[in-house]
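# Coordinates in review
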Amino acid sequence: MKAYQVICKRRSIRRFKQKVLTLKFLKKVVNAARLAPSGANLQPLEYICIDDRRLGDDIFKTLAWAGYISPRGTPAEGERPVAYILVLVNTLVRKDNYQYDVGAAMENMILTAGDEGVGACWIGSINRPELSKALNIPPAFVIDSILALGYPKENPKVEKLTDSCKYWKDANRRLHVPKRDIDSIMRVNKF
Ligand SMILES: Cc1cc2nc3c(=O)[nH]c(=O)nc-3n(C[C@H](O)[C@H](O)[C@H](O)COP(=O)(O)O)c2cc1C
């Protein structure tokens with residue numbers, strides 16, 4: 001697929017088929033993160049791929065899903081992510097202003113997955129102390145974000161944002177995601 005097509009098709013996915021993702025695939029996704037832009041080229045980010053289902057269950061317990069519609073957006077048993085990629089910041093390399101690096105790396109990973117038909121959800125609501133403990137993360141490393149992955153079992157729809165940015169689910173459990181209209185955000189040559 002062309003990059004722009006993947007970008008336009010992408011939606012956060014929170015219901016997943018239970019088809020396994022290979023380590024080779026996860027390595028390709030992390031490689032896309034590795035090659036992302038990095039402020040001062042410091043590259044403070046490191047990654048942990050989790051494809052072990054039991055460990056996946058431990059991680060799932062530390063995450064919060066789709067706050068606006070909770071608990072209806074939380075993946076049900078049998079629809080949970082089949083893999084995760086944790087994004088860690090090595091604070092010995094960079095203590096602050098690493099969020100731009102994380103953004104670039106996450107989007108590279110999401111789009112690489114999307115190009116292979118794999119859905120993803122960027123998760124920032126994490127019980128970090130609990131997860132750090134579960135995975136034995138050294139103190140110098142901060143957990144910034146997690147990418148939840150799996151083949152999509154839902155097909156969210158983009159809507160034109162009118163009065164609220166809150167996404168919603170309809171009676172058929174389809175997620176609708178309001179986005180601002182292009183003409184409301186783009187100006188030409190003057191404000
Ligand atoms: C920094 C960041 C943190 C996010 N954290 C969560 C989260 O903790 N749980 C969740 O279900 N979705 C999370 N999301 C996904 C957003 O809810 C989602 O991007 C937004 O609703 C728009 O939907 P879309 O990704 O389909 O365009 C996060 C997204 C970003 C960029």
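Since the structure is predicted, the reported quantities are computational estimates derived from the model, not experimental observations. (Residues numbered from 1 in each chain as written. Predicted model: local features only at pLDDT ≥ 70, side-chain atom pairs only at ≥ 80, totals over all residues.)

## A word on the pairing of strand β7 (residues 175–179)
- Pairing of strand β5 (residues 157–160) with β7, which is carried by four bridges, proceeds in the parallel orientation. Residue pairing in the sheet places Glu159 in a bridge with Pro178 of β7.
- Here two bridges tie strand β6 (residues 168–169) to β7, and the two strands are oriented antiparallel to one another. Within the sheet, the bridge partner assigned to Trp168 lies in β7 and is His176.
- Adjacent in sequence and paired antiparallel, β6 and β7 are bridged by five residues, among which Arg173 carries a positive phi angle near 65°. (Pairing = 2+ DSSP bridges. Helix = DSSP H or I, 4+ residues; strand = E, 2+ residues; numbered from the N terminus.)

## Concerning the environment of Glu130
- Examined against the element boundaries, Glu130 turns out to sit in helix α5 (residues 128–135).
- Taking the C-beta count within 10 Å as the criterion, Glu130 has 13 such neighbours and is therefore assigned partly exposed. (Buried ≥ 20, exposed ≤ 12 C-beta atoms within 10 Å, placed from the backbone.)

## Let's talk about the sheet that holds β5
- Sheet architecture is open: three strands sit in the order β5-β7-β6, paired in mixed fashion. Of all strands in the sheet, those bounded by a partner on one side alone are β5 and β6.

## A closer look at the domain arrangement of the protein chain
- Here the domain parsing of the protein chain yields domain 1 (3–154) and domain 2 (156–191).
- Domain 1 puts five residues into the contact, and the matching count from domain 2 is seven residues.
- Each residue belonging to the side of domain 1 that touches domain 2 can be placed in one class, and the counts come to two nonpolar, no polar and three charged. (Domains from an automatic or database assignment. Contact = placed C-beta atoms within 7 Å. Nonpolar A, V, L, I, M, F, W, Y, C, P; charged D, E, K, R; others polar.)

## With respect to the site of the ligand
- The environment of the ligand is made up of 14 residues, and the closest members are Arg11, Ser12, Trp65, Gly124 and Ser125.
- The dominant element in the shell around the ligand, judged by the number of residues it contributes, is strand β3 (residues 119–123), at three residues.
- Taken together, the residues of the shell around the ligand sort by class into nine nonpolar, three polar and two charged.
- Lining the shell around the ligand are residues from two domains, each supplying at least three of them: domain 1 (3–154) and domain 2 (156–191). (Near = placed C-beta within 6 Å.)

## Comments concerning helix α2 (residues 23–34)
- Helix length check: α2, at 12 residues, gives a terminal C-alpha distance of 16 Å against a target of 16 Å (1.5 Å per residue), a fit within 8%.
- All buried positions along α2 are accounted for by Leu26, Val29, Val30 and Ala33. For α2, the buried positions fall inside an angular range of 95° around the axis, keeping them on one side.
- Buried residues along α2 sit against β1 (45–50), β2 (83–90) and α4 (99–115). (Expected span 1.5 Å × (residues − 1). Arc of directions from axis to C-beta.)

## Re unusual backbone geometry
- Following Ser70, the chain continues to Pro71 via a peptide bond in cis, the omega torsion being 5°.
- Mapped onto the fold, Pro71 is located in the loop between α3 (53–60) and β2.
- For Ala40, which is not glycine, the phi torsion reads 60° and is therefore positive.
- Turning to its location among the elements, Ala40 is positioned in the loop between α2 and β1.
- A positive phi is found at Asn136, a non-glycine position, where the angle reads about 60°.
- Residue placement: Asn136 occurs in the loop between α5 and β4 (141–150).
- Overall, the presence of 6 C-beta atoms within 10 Å leaves Asn136 in the exposed class.

## Some details on the sheet that holds β4
- Ordered by their spatial adjacency, four strands build an open sheet running β1-β2-β4-β3, and the pairing between neighbours is antiparallel. One side of each edge strand has no neighbouring strand; the edge strands of this open sheet are β1 and β3. Neighbour to neighbour, the strand axes of the sheet diverge by 25° on average, direction disregarded.
- Relative to β4, β3 is paired through five bridges, and the arrangement is antiparallel. Among the inter-strand pairings, Ile123 is bridged to a residue of β4, identified as Ile146.
- Contacts from α4 reach β1, β2, β3 and β4, with the element oriented near 15° to β4. (Axes fitted to C-alpha atoms, helices over the stretch in contact; angles between N-to-C directions.)

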